[in-house]
Amino acid sequence: MENIVSLKNIVVEFEDGDRILKDISLDIKDKEFVTFLGPSGCGKTTTLRIIGGFLEPTSGDVFFDGKRINGMPPHKRNVNTVFQRYALFPHLNVYENIAFGLRVQKVPEKEIVRRVGEMLELVNLMGYEKRSVNRLSGGQQQRVAIARALVNRPKVLLLDEPLGALDLKLRKEMQTELRKIQQALELTFVYVTHDQEEALTMSDTIVVMNNGNIQQIGSPTDIYNEPENAFVADFIGESNIINGCMPEDCVVEFTGRRFECVDKGFSPNETVDVVIRPEDIKIIPADQAKLTGIVESVVFKGVHYEMIVDGVDHKWMIHSTKFEPVGAMIGMAVDPYDIHIMKKVEEE
Amino acid sequence: MKLKAFSAPYLVWMIVFIVVPLLMVVYFAFTTDNGEFTLEYISDVGQYANIFMRSIWLAIIATIICLVVAYPLSYMLSRMSKHTQSTMLMIVMLPMWMNFLLRTYAWMTLLGNNGIINQLLGMIGLGPFKLINTEGAVVLGMVYNYLPFMILPLYSVMVKIDKSVIEAANDLGCNSFHTMFRVIFPLSLPGVTSGITMVFVPAISTFIISRMLGGGSNLLIGDLIEMQFLGNSYNPHLGAAISMVLMVIILVIMTVMNQFSPDDQVLI
Ligand SMILES: Nc1ncnc2c1ncn2[C@@H]1O[C@H](COP(=O)(O)OP(=O)(O)OP(=O)(O)O)[C@@H](O)[C@H]1O
Ligand SMILES: [Mg+2]
C-alpha cells in the first residue's frame, strides 16, 4: 500500500509565538483508518486543518498522493472534512446541506437524489429532508455533517470527533457503520477522537499525540501492549506507573526492590518509568511476595474487581477476578514480561 | 402585569406621534376645506405621475448603486480583524456626524459650474461640464447621504457569518466565486433587504437633495408635497393625498421585497 497523505516535519506557530505542532512527521496509507488520539488541546484539529488546507504550516511539507500540495486551496484537494463544530449551512435544509458538494460538482439531479437518499438512510435521518438544520438536536446536526462530507466519496475523509455529541448506543452503531463504509468504499479515514476505546476498536493505525508531538504510531494492539512511554501507557487503558532505575540489563529496581524483566539497552542506573497494567498483577499469599500491600478499596466492574492496594511507597491498581476484602494484607506478583520499562520523556 | 404598565408611555407616544398624524393625513386627503368627503384630491394625484415615476426611478438607481458599492465594502469590512473593523466603521460613519444640509451644500460647491471639480478638470483642459442641476447630481447626493444606511445592515449581517461555514463551502469544492454565490449571498439576504429599505424609503421621499443638487428641473415627490404645505401652491389636501399615495406605493414595494427575504426575517 502506498502513502496517500504524508506530513514531513510540520511545525505550526500562531502569531503569539506558541508552537502548537512541533515537528510532526506522519505517513497515512491509502485505504487506511488512522486515528489521532490525544488529550484536549494537543493539536489534533490543527493537524487535520493542515491536511484539509485551511491552515498553512509555519514550516514543513504536505504531500497528497506523492505530490507536494502546500498552498493548494481546500476546494482543489480531494479531501472532505466533518468539522468538530459541524459548520452546517444555516440557510439550507437537511437535504440541501447533504447535496451541497454534489451540486457544486454539477452531479446530475437523478444521482443526487439517489446518493443523498442513501446518506439519509445511513445516518438515520429519513423524513428530516425538509427540516431546517437550525431546528435539529446536536446529535442530528452531527449526523448531517457526516453525511454532507461522506456523500462526496473523497479519497480522504477527515473526521474531527464526529460522534462526540451522540449517546452511547447511537455512537456504537455509527462506529460500526462508519467502519463498514470506510472498508466498503475503500476510503482513507483520518479520524480524531479523545476516546481511547473508540480509537482501539475502529482503527488500523493509532497516532497518539500530546502537546504538539507524536508520542507513538502503531496498531491498536501495539499501542496497548507495547506503549513506548509512560504517557501512552497512561492514556491508553489504565496503568500503574512507577519511577524506577535499571542497574543492569534485564533487572529493574523500584519501590526499593529488584525485579527481573525483559528489557535491555539502557545505560547503567538510568532512571526509567516502570509501567504495569492492572490486569497483569497477580494476587498471591503475602508471605511469599516481594510486594505487599493492604487493600484500600474494592469496586466490582462486572468481569473483574478493581482494587486499590496501598503498598506504602505506591498505591497499586489491580484488576482481578479474585475478591479480597478491604483491609486484607495481600501479596502481589508480576511476570517479568509484564513489566514494561520506558525511557523517561523529557518535559519541555 | 406590571410590565404592561411600563409600556404605557411608549403606547401614548406612538398614538400621539404616529397614529394620530397618519389619521390626519387620511382625513385631509379625503375631505374638502368644508370637511365634506371628496375623491377630488386623490384623483388629482394622477397629474403628477411623471414626478412619481422620476422619484421612483432615481430612488431605484440610487439604491442599486448603494448596494453595488456597499456590498463588497461591507464584506471586506466584516472579514477584517476586530480592531481594524472598528476603525473602518468609524470612517464610514464619519460623514454622518456632520449635518445633512451641510454635507449637501458641500456638494453644491464641488459640482457647481465654477466648482472645484470643473476647475480641476479645466486645468487639464477638459470641460466645463454641467454637473449640478442634473439627475446625476441628485442620485450622487442620495448615494452619498444614504450609503451608510446600506453598509450598516449589510455589515452587521455579514460579521455574523461564521468563518467555519465558509471553510465548509471551500471544503466541499467551492472556489471564492461559488462560495459567494452559494453561501455568503444567501446568508446576507436579510441585510440586503433591510439595507434596500433603509436607502430606498428616504431616497424616494427626499426633497432637500433634489432641490439643492437638482435645481428646479428635477422635482421629486418630496418637493411636491413640501410645496403643498409650505410653498406658494398651498394646498394641504392635495399634499395629504400625494403623501398617502406615496405611502401606499412604498408599502407595496416593501411587501414585494419581503417575498424575497427568508421566512423568519420580515421587514415591516
Ligand atoms: N487560531 C489559533 N490561534 C492561536 N492558538 C490556537 C489557534 N487555534 C488553536 N490554537 C491552539 O492550538 C492548540 C491545539 O488546538 P487544537 O484545536 O488542534 O486542539 P485539539 O487537539 O483539536 O483539542 P480538542 O480535543 O479540544 O478539540 C490549543 O492549545 C489551542 O489553544
Ligand atoms: Mg479539536
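Residues numbered from 1 in each chain as written. Chains lettered and ligands numbered in written order. Predicted model: local features only at pLDDT ≥ 70, side-chain atom pairs only at ≥ 80, totals over all residues. Heavy atoms only, no water.

> Go over the overall build of chain A with me, naming the residues and quoting the values.
Along the backbone of chain A there are 8 helices and 20 strands. Each principal axis of the C-alpha atoms in chain A carries an extent, and together these give about 80 × 45 × 40 Å. The buried share of chain A, reckoned over its 348 residues, is 52%. In chain A, 64% of the contacts between residues at least 6 apart in sequence involve partners at least 24 apart. Just so you have it, chain A exposes about 16,200 Å², and 49% of that area is on carbon and sulfur atoms. Distance from the positive charge centre (40 side chains) to the negative charge centre (53 side chains) of chain A: 9 Å. (Helix = DSSP H or I, 4+ residues; strand = E, 2+ residues; numbered from the N terminus. Buried < 20%, exposed > 50% of the residue type's maximum accessible area, 1.4 Å probe, protein only. Contact = heavy atoms within 4.5 Å. Areas by Shrake-Rupley, 256 points an atom, 1.4 Å probe, with all protein chains shown as cover. Lys, Arg positive; Asp, Glu negative; His and termini not counted. Charge placed at Lys NZ, Arg CZ, Asp CG, Glu CD.)

> Describe the site of ligand 1, and please don't skip the residues or the numbers.
All names here are of chain A. Around ligand 1, the surrounding shell consists of Phe14, Ile20, Ser40, Gly41, Cys42, Gly43, Lys44, Thr45, Thr46, Gln84, Glu161 and His194. A distance of 2.5 Å separates an oxygen atom of ligand 1 from a polar side-chain atom of Thr45. The separation between an oxygen atom of ligand 1 and a polar side-chain atom of Gln84 is 2.9 Å. Considering every element that reaches the shell around ligand 1, the biggest residue donor is helix α1 (residues 44-52), with 3 residues. Of the residues in the shell around ligand 1, the class split is 3 nonpolar, 7 polar and 2 charged. (Near = heavy atom within 4 Å. Polar contact = N/O pair within 3.5 Å; in protein donor to acceptor, adjacent residues only side chain to side chain. Nonpolar A, V, L, I, M, F, W, Y, C, P; charged D, E, K, R; others polar.)

> Explain the coordination of the magnesium ion (ligand 2) to me, and be specific about the residues and the numbers.
Under ideal tetrahedral coordination, the four donors around a metal are separated by 109.5 degrees; under ideal octahedral coordination, the six donors are separated by 90 or 180 degrees. Residues and elements named next belong to chain A. Protein-derived ligands of the magnesium ion (ligand 2) are Thr45 (OG1) and Gln84 (OE1), with the metal-ligand distances lying across 1.8 to 2.3 Å. Of this pair, Thr45 sits in helix α1 while Gln84 sits in the loop between β6 (79-82) and α2 (94-104), and the two are 39 residues apart along the sequence. A relative accessible area of 29% places Thr45 in the partly exposed class. For Gln84, a relative accessible area of 33% corresponds to the partly exposed category. (Donors = N, O, S within 2.8 Å, 3.2 Å for Na, K, Ca; no water.)

> Lay out the interface of chain A and chain B in plain terms, naming residues and giving numbers.
Across the contact, 20 residues belong to chain A and 17 residues belong to chain B. Between chain A and chain B, roughly 1,600 Å² of surface is buried when both sides are summed, and carbon and sulfur atoms account for 64% of that area. Per-residue buried area on chain A facing chain B is highest for His75, His91 and Val104 of chain A; these three make up 32% of the total on that side. Between chain A and chain B we count 1 salt bridge in total. Here Glu167 of chain B ties to Arg49 of chain A by a salt bridge, and the two come within 2.9 Å at their closest N and O atoms. Of all the secondary-structure elements, those providing two or more residues to the side of chain A that touches chain B are β6 and α2 of chain A. Element by element, the count of residues in the side of chain A that touches chain B is highest for α2 of chain A, at 4 residues. Taken together, the residues of the side of chain A that touches chain B sort by class into 10 nonpolar, 6 polar and 4 charged. (Buried area = accessible area lost by both parts, 1.4 Å probe. Salt bridge = Lys/Arg side-chain N within 4 Å of Asp/Glu carboxyl O.)

> Please set out the sheet that holds strand β15 (residues 282-284) of chain A residue by residue, giving values where relevant.
All names here are of chain A. Strand order in this open sheet of 5 strands is β15-β19-β16-β17-β18, and the pairing throughout is antiparallel. The open sheet is flanked by β15 and β18 (315-320), the only strands paired with a single partner. Here the average twist between neighbouring strands, direction ignored, is 50°. Bridge count between β15 and strand β19 (residues 329-333): 3 bridges; the pairing is antiparallel. By the bridge assignment, Ile283 is partnered in β19 with Met332. (Pairing = 2+ DSSP bridges. Axes fitted to C-alpha atoms, helices over the stretch in contact; angles between N-to-C directions.)

> Could you give an account of helix α3 (residues 49-78) of chain B, with specific residues and numbers?
For α3 of chain B, built from 30 residues, the straight-helix expectation of 44 Å at 1.5 Å per residue is met to within 8% by its first-to-last C-alpha distance of 41 Å. Remark: the principal bend of α3 of chain B, roughly 30°, maps to Ala70 of chain B, with a proline, Pro72 of chain B, within the next four residues. (Expected span 1.5 Å × (residues − 1). Bend = angle between axes of the 7 residues up to and from the residue.)

> Run through the pairing of β19 of chain A, naming residues and quoting values.
Bridge analysis of strand β16 (residues 291-300) of chain A against β19 of chain A gives 4 bridges, and the strand direction is antiparallel. Bridge pairing in β19 of chain A links Thr292 of chain A to Gly331 of chain A.

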